[in-house]
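The lines below spell out each chain.
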Amino acid sequence: MKTLDDVLVIGAGVMGIGIAQVAAEAGHRVFLFDAREGAAAQARDTLAAQLDQLVAKGRRSRAAADATLGLLTPVAQLRDAACAGLAIEAIVEKLEAKRGLLAELEGLLGDDAILASNTSSISITKIAAGLRRPERVVGMHFFNPVPLMRLVEVVRGLQTSDEVVRRVTEMAVAWGKTPVTALSTPGFIVNRIARPYYAEALMLLQERAAAPEALDACLRAAGFRMGPCELMDLIGHDTNFSVTTSVFEANFFDRRFTPSLVQRELVDGGLLGRKSGRGFYRYPEGAPAPTA
Ligand code: NAI
């Protein structure tokens, strides 16, 4: 098997750049690719600015920040990262896009590379189906913001091999994460439990029972780190809506997981949350995402 020294991260959005940061901080050589031209280089620049802030606050040494950036290379084409022994995809939450990408990676990286998906909700069994070697496909579900959140759900599809689960679990530990093995059930563990949290908040908004500020203040006062509206803004409404839709369908349209009209309206209007500058709240341009 290839070593996991070289890691390819695909998708330089909210999650991809966080995963790339954590991998580089753990000493891996990291290649970052995004289908949108310039997005990977732009994400690296944003990370550089965030690391500068951490250095200024004394939470990173200059040398550590430089080492992280030195290990992170944006690539314009996937084939520029053919040496990678591990690919982690963090692209749009759509089955066909993920399947297409993994089929391409299978050809590029060779038979012994591990193909991991950061999907929040799509079946790993389904993503792997039809590949030449489905046993090397595994879920590595990180949480947002990646540098701060310790949990990683290591998701085992029907055909994922024990060896692949073992290797990514060990690697997650080496990255300072807390891996938990989950089966490829809809929403895995955390998103299955979290769906009703978002759904109930969205229902309260639809009923005009409370404004986002009030909901968030209540839940914070009740001990939650973030309220549901600010959390959905952080996640991204497009991603959150896709996840709910996927869990709803995968549970044979169980009403408990019904997607929200309020959230679909936000997505339709391009009010995606922090990443677009506006969701339930407005974010001044360049507002820093939580980092570590
Ligand atoms: P995002 O919208 O911030 O970023 C996605 C990136 O992927 C974009 O830059 C886009 O240009 C790129 N992309 C889309 N299709 C592509 C393709 N075929 N090839 C290469 N690049 C492509 O999305 P985000 O939030 O980072 O989510 C990515 C994945 O991570 C999704 O599967 C999502 O469910 C999952 N996830 C998201 C979390 C969150 O809080 N946002 C938490 C945990 C998992």
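Residues numbered from 1 in each chain as written. Predicted model: local features only at pLDDT ≥ 70, side-chain atom pairs only at ≥ 80, totals over all residues.

### Brief notes about the sheet that holds strand 2 (residues 29-33)
Piece 1. Overall, mixed pairing links the eight strands, which are arranged 3-2-1-4-5-6-7-8 in an open sheet. Across the chains shown, the open sheet's two edge strands, defined by having one partner strand only, are strand 3 (72-74) and strand 8 (178-183). With direction set aside, neighbouring strand axes in the sheet form an average angle of 25°.
Piece 2. Where strand 4 (residues 86-89) and strand 5 (residues 114-117) come together, four bridges link them in parallel fashion. Bridge pairing in strand 5 links alanine 87 to leucine 115. (Pairing = 2+ DSSP bridges. Helix = DSSP H or I, 4+ residues; strand = E, 2+ residues; numbered from the N terminus. Axes fitted to C-alpha atoms, helices over the stretch in contact; angles between N-to-C directions.)

### Describing the domain arrangement of the protein
Accessible area lost upon the coming together of the parts serves often as the stated size of an interface.
Piece 1. The assigned domain composition of the protein is domain 1 (6-183) and domain 2 (192-276).
Piece 2. For domain 1 and domain 2, the distance between their C-alpha centroids amounts to 25 Å.
Piece 3. Contact with domain 1, which involves eight residues of that partner, is made by 10 residues of domain 2. (Domains from an automatic or database assignment. Contact = placed C-beta atoms within 7 Å.)

### Section: the packing of helix 7 (residues 190-206) against helix 9 (residues 228-235)
Piece 1. Following both chains from N to C, one finds helix 7 and helix 9 inclined at 115°, their axes separated by 10 Å at the closest point. Put simply, helix 7 runs roughly perpendicular to helix 9. In the crossing of helix 7 with helix 9, the sense of the turn from one axis to the other is left-handed. Here helix 7 contributes Tyr197, Tyr198 and Ala201 to the contact with helix 9, which in turn contributes Pro228, Cys229 and Met232.
Piece 2. Residues belonging to the contact of helix 7 with helix 9 are distributed by class as follows: six nonpolar, no polar and no charged. (Parallel < 35°, antiparallel > 145°, perpendicular 65-115°, else oblique. Left-handed = near helix turned anticlockwise from the far one by under 90°. Nonpolar A, V, L, I, M, F, W, Y, C, P; charged D, E, K, R; others polar.)

### Let's talk about the pairing of strand 6 (residues 137-142)
Piece 1. Burial of strand 6 is extensive: six of the six residues sit out of reach of the surface.
Piece 2. Residue alternation in strand 6 divides its side chains into two sets, Val137, Gly139 and His141 and Val138, Met140 and Phe142, and both sets are buried.
Piece 3. Where strand 5 meets strand 6, three bridges bridge the pair, whose relative direction is parallel. Its bridge partner being in strand 6, leucine 115 is matched across the sheet by valine 137.
Piece 4. Two strands pair when backbone bridges link them, and strand 6 and strand 7 (residues 151-156) are joined in this way by four bridges, in the antiparallel orientation. Its bridge partner being in strand 7, phenylalanine 142 is matched across the sheet by valine 152. (Buried ≥ 20, exposed ≤ 12 C-beta atoms within 10 Å, placed from the backbone.)

### Here we look at the site of the ligand
Piece 1. Taken together, the neighbourhood of the ligand is formed by 29 residues, with Gly11, Gly13, Met15, Ala35 and Asn144 sitting nearest.
Piece 2. For the shell around the ligand, the elements supplying multiple residues, two or more each, are helix 1 (14-25), helix 4 (95-109), strand 6 and helix 10 (237-250).
Piece 3. If you tally residues by element for the shell around the ligand, the top one is helix 1, at three residues.
Piece 4. A class-by-class count of the residues in the shell around the ligand yields 15 nonpolar, 10 polar and four charged.
Piece 5. Viewed by domain, the shell around the ligand spans two of them, domain 1 (6-183) and domain 2 (192-276), each represented by three or more residues. (Near = placed C-beta within 6 Å.)

### Thoughts on the pairing of strand 8
Piece 1. Relative to strand 8, strand 7 runs parallel, the two being bridged by six bridges. Bridged to leucine 151 within strand 8 is threonine 178.
Piece 2. Read from strand 7 through helix 6 (residues 162-174) to strand 8, the crossover connection turns out right-handed. (Right-handed = clockwise from strand over helix to strand, strands pointing away.)

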